[in-house]
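The primary structure of each chain is shown beneath.
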Amino acid sequence: MPLRLGTTAAGLVTGYVADALFGDPRQGHPVALFGTAAARLEHRLWADSKPRGVAYAGLCTLGVAGLGVALQTATRRRPFARFLVTAASTWVVLGGRGLAAEGAEMARLLEAGEVPEARQRLSHLCARDATTLDSAELTRAATESIAENTSDAVVAPLFWGAVAGVPGLLGYRALNTLDAMVGYRSARYRRFGWAAARADDLANLVPSRIGAVLTAACAGGRARESWRIWRRDGGRHPSPNAGQVEAAFAGALGIRLGGTNSYGGELESRSRLGEGRDPEPADLRHAVRLSRLVGAAAVLIAAGMAR
């Protein structure tokens, strides 16, 4: 029975299995509801100001984490209720099945030569401008997103759930969602989104490196190469965290990632990660399988860490 693992550990494992089997709730997803509420608050609070951005990020993240504290406190002497709350929270915040499904669909479209459709579909994975991207660039963008989001949507939530229980699960997902909404270096968000982006960087410092280590551990015959490329190239990315897992994936798959990307009309040139050829649709399918393996390893580590 899952409860033999310990209440929090059992909840994390059960929530992970629920995500793997069912994916995201189809209607009324709590993360989507949070995003709607955060967008409304942004409309009221926005100013080209870092202090306003700090207040915005604090209200959103601490409010959700506070809900987690209330739920954890209310179930302190009710182990089965704590297990249910932890399992439900884990299911809600994880995105492993959805990530794998989007990666597989992108691979299918690219293999079929349906580039216009793949350009539209890319928005489900990342905010990169896809209007002019060809099949090779779409494949690279999707592969990089699978790698980065394996950490953001699977490893990191499980890590924070193991460390801080329900408040960690909910607070991390709120912060990561805010980063996706306002953490861009655009004219509108360069100041206002600064706090959310920097806080998300801090929250992912440890999980991203755990994700890189697990990627190498799950890379089979390319484990040593994945480790080598991660250690060599992980710090070359503009983000202190995204490059860690992207480099490990590049080494594990024997491909090269990085290059010039466009976000909101602004070009960003990134160093190359890895060696060899550029990714192909078949590599994207391999990235999806590797992502699933890393997620499975992450939940075992989280269960071992949890109280």
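Per-chain numbering applies: the sequence of each chain, read as written, is numbered from 1 onward. Whole-chain, interface and lining totals are the exception, using all residues; otherwise, since this is a predicted model, local features are given only for residues with pLDDT of at least 70 and side-chain atom pairs are given and counted only at 80 or more. To obtain the side-chain values, all non-hydrogen atoms of the structure were included, while hydrogens and water were left out.

Enquirer: Got a minute to help me understand the overall build of the protein in this structure?
Expert: Looking only at helices and strands, the protein has twelve helices and four strands in total. Computation of the radius of gyration draws on C-alpha atoms, with the globule rule given as 2.2 Å multiplied by the number of residues to the power 0.38. Its C-alpha radius of gyration of 19 Å places the protein within 12% of the 19 Å reference for a compact globule of 307 residues. By its C-alpha atoms, the protein is 55 × 50 × 35 Å across when sized along the principal axes. By the convention used here, residues are in contact when the closest approach between their heavy atoms is within 4.5 Å. Contacts in the protein between residues far apart in sequence, at least 24 positions, make up 69% of those at least 6 positions apart. A run of H or I in DSSP becomes a helix once it reaches four residues, and a run of E becomes a strand once it reaches two; helices and strands are each numbered from the N terminus.

Enquirer: Explain the environment of L41 here, please?
Expert: Along the chain, L41 falls in helix α2 (residues 30–45). Separated by 18 residues in the primary sequence, L41 and L59 place their C-alpha atoms 9.3 Å from one another.

Enquirer: Help me understand helix α5 (residues 96–111) in this model?
Expert: Helix span is expected to be 1.5 Å times the residue number reduced by one. Counted at 1.5 Å a residue, the expected span for α5 with its 16 residues is 22 Å, and the 23 Å between its end C-alpha atoms agrees. Taken residue by residue, α5 has G96, L99, A100, E102, G103, M106, A107, L109 and L110 as its buried positions. Against α1 (7–22), α6 (115–121), α7 (135–182) and α12 (281–305) lie the buried residues of α5. Looking one or two residues past α5, G113 carries a phi angle of roughly 75 degrees, positive in sign. For every residue, the accessible area (1.4 Å probe, protein chains only) is compared with the maximum for its type, and the residue is labelled buried under 20%, exposed over 50%, or partly exposed between those bounds.

Enquirer: Is there a simple way to explain the environment of E275 in this structure?
Expert: Structurally, the position occupied by E275 is in the loop between β4 (273–274) and α12. Exposure remark for E275: the relative accessible area of 35% places this residue in the partly exposed category. C-alpha separation for the pair E275 and E225, spaced 50 residues apart in sequence, amounts to 10.0 Å. Contact partners of E275, with chain neighbours within four places excluded, come to E225, R228, I229, R232, G254, I255 and R256. Separated by 2.6 Å, the side chains of E275 and R232 make a polar contact. Two N or O atoms count as a polar contact when they lie within 3.5 Å, although within protein this holds only if one can serve as hydrogen donor and the other as acceptor, and sequence-adjacent residues are included solely when both atoms are side-chain atoms.

Enquirer: Help me understand the nonpolar core in this model?
Expert: Nonpolar side chains in soluble globular proteins tend to end up buried together. Counting 68 residues, the largest nonpolar core has M106, L122, L138 and L158 as the members making the most contacts within it. For this core, the element with the highest residue contribution is α7, accounting for 16 residues. Leaving out residues up to four positions away in the same chain, L122 has contacts with M106, R128, A130, L133, L138, A141 and A142. Joining through side-chain atoms within 4.5 Å is the link that ties buried Ala, Val, Leu, Ile, Met, Phe, Trp, Tyr and Cys residues into a set, and such a set is a nonpolar core.

Enquirer: I'm lost on the packing of aromatic side chains in this one. Help?
Expert: How two aromatic rings sit relative to each other is set out by the distance from centre to centre and by the angle between their planes. Only rings of Phe, Tyr and Trp enter the pairing, Trp through its six-membered ring, and a pair is recorded when the two centres are within 6.5 Å. The plane angle decides the type: under 30 degrees is stacked, over 60 is edge-to-face, the rest tilted. Taken as a whole and judged by the stated rule, the model has five aromatic pairs. Note on F159 and W160: the rings are 5.1 Å apart at their centroids and 80 degrees apart in plane angle, and the pair reads as edge-to-face. Residue F159 is classed as buried on the basis of its relative accessible area, which comes to 13%. Taking the centre distance of 5.0 Å and the plane angle of 85 degrees together, the rings of W227 and W230 count as edge-to-face. With W227 and W230 both in helix α10 (residues 223–233) and three residues apart, the pair spans about one turn of that helix.

Enquirer: How should the packing of α7 against α12 be read in this particular structure?
Expert: Axes are the key here: two packed helices are described by the angle between their axes and the distance separating the axes. Running from amino to carboxyl end, α7 crosses α12 at an angle of 5 degrees, the nearest separation of the two axes being 9 Å. By the angle class used here, α7 and α12 are roughly parallel. For the pair α7 and α12, contact is made by T139, A142, T143, I146, T150, V154, V155, L158, F159, A162 and V163 and by P281, L284, A287, V288, S291, V294, G295, A298, V299, A302 and M305, respectively. Gly falls in the polar group here, along with every residue not listed as nonpolar (Ala, Val, Leu, Ile, Met, Phe, Trp, Tyr, Cys, Pro) or charged (Asp, Glu, Lys, Arg). Among the residues making up the contact of α7 with α12, the classes are represented as 17 nonpolar, five polar and no charged. Each axis is a line fitted through C-alpha atoms, taken for helices only over the stretch in contact, and angles between the N-to-C directions span 0 to 180 degrees. Should an angle fall under 35 degrees it is taken as roughly parallel, and over 145 as roughly antiparallel, whereas 65 to 115 is taken as roughly perpendicular and any remaining angle as oblique.

Enquirer: Just checking my understanding: could you explain a nonpolar patch on the surface for this structure?
Expert: Patch rule: a residue counts if its relative accessible area is over 30% and it has no salt bridge; like charges are joined within 9 Å, and nonpolar side chains (Val, Leu, Ile, Met, Phe, Trp, Tyr) within 5 Å. Residue exposure ignores everything except the shown protein chains as possible cover, and the areas themselves are Shrake-Rupley values with a 1.4 Å probe. Salt bridge, as used here, is a side-chain nitrogen of Lys or Arg placed within 4 Å of a carboxyl oxygen of Asp or Glu. Together, V17, L21 and F22 make up a nonpolar patch on the protein surface, roughly 310 Å² of accessible area in all. Within the element layout of this structure, F22 appears in helix α1.

Enquirer: Could you clarify how one ought to interpret the pattern of salt bridges in this entry?
Expert: Pairs may arise between side chains of opposite charge once their charged atoms sit close together. This model, assessed by the stated rule, comprises 16 salt bridges. For R188, the salt bridge identified is with E42, shortest N-O distance 3.1 Å. Highlighted residues: R188 in the loop between α7 and α8 (189–192) and E42 in helix α2, separated in sequence by 146 residues. Looking at E42, the relative accessible area reads 7%, which means it is buried. Between R272 and D278 there is a salt bridge, with its nearest N and O atoms 3.8 Å apart. On the basis of relative accessible area, D278 is assigned to the partly exposed category, the value being 34%. Salt bridges linked by common partners bring E225, R228, R232, D233, R236 and E275 together as one network.

Read these as spatial facts, not as claims about activity.
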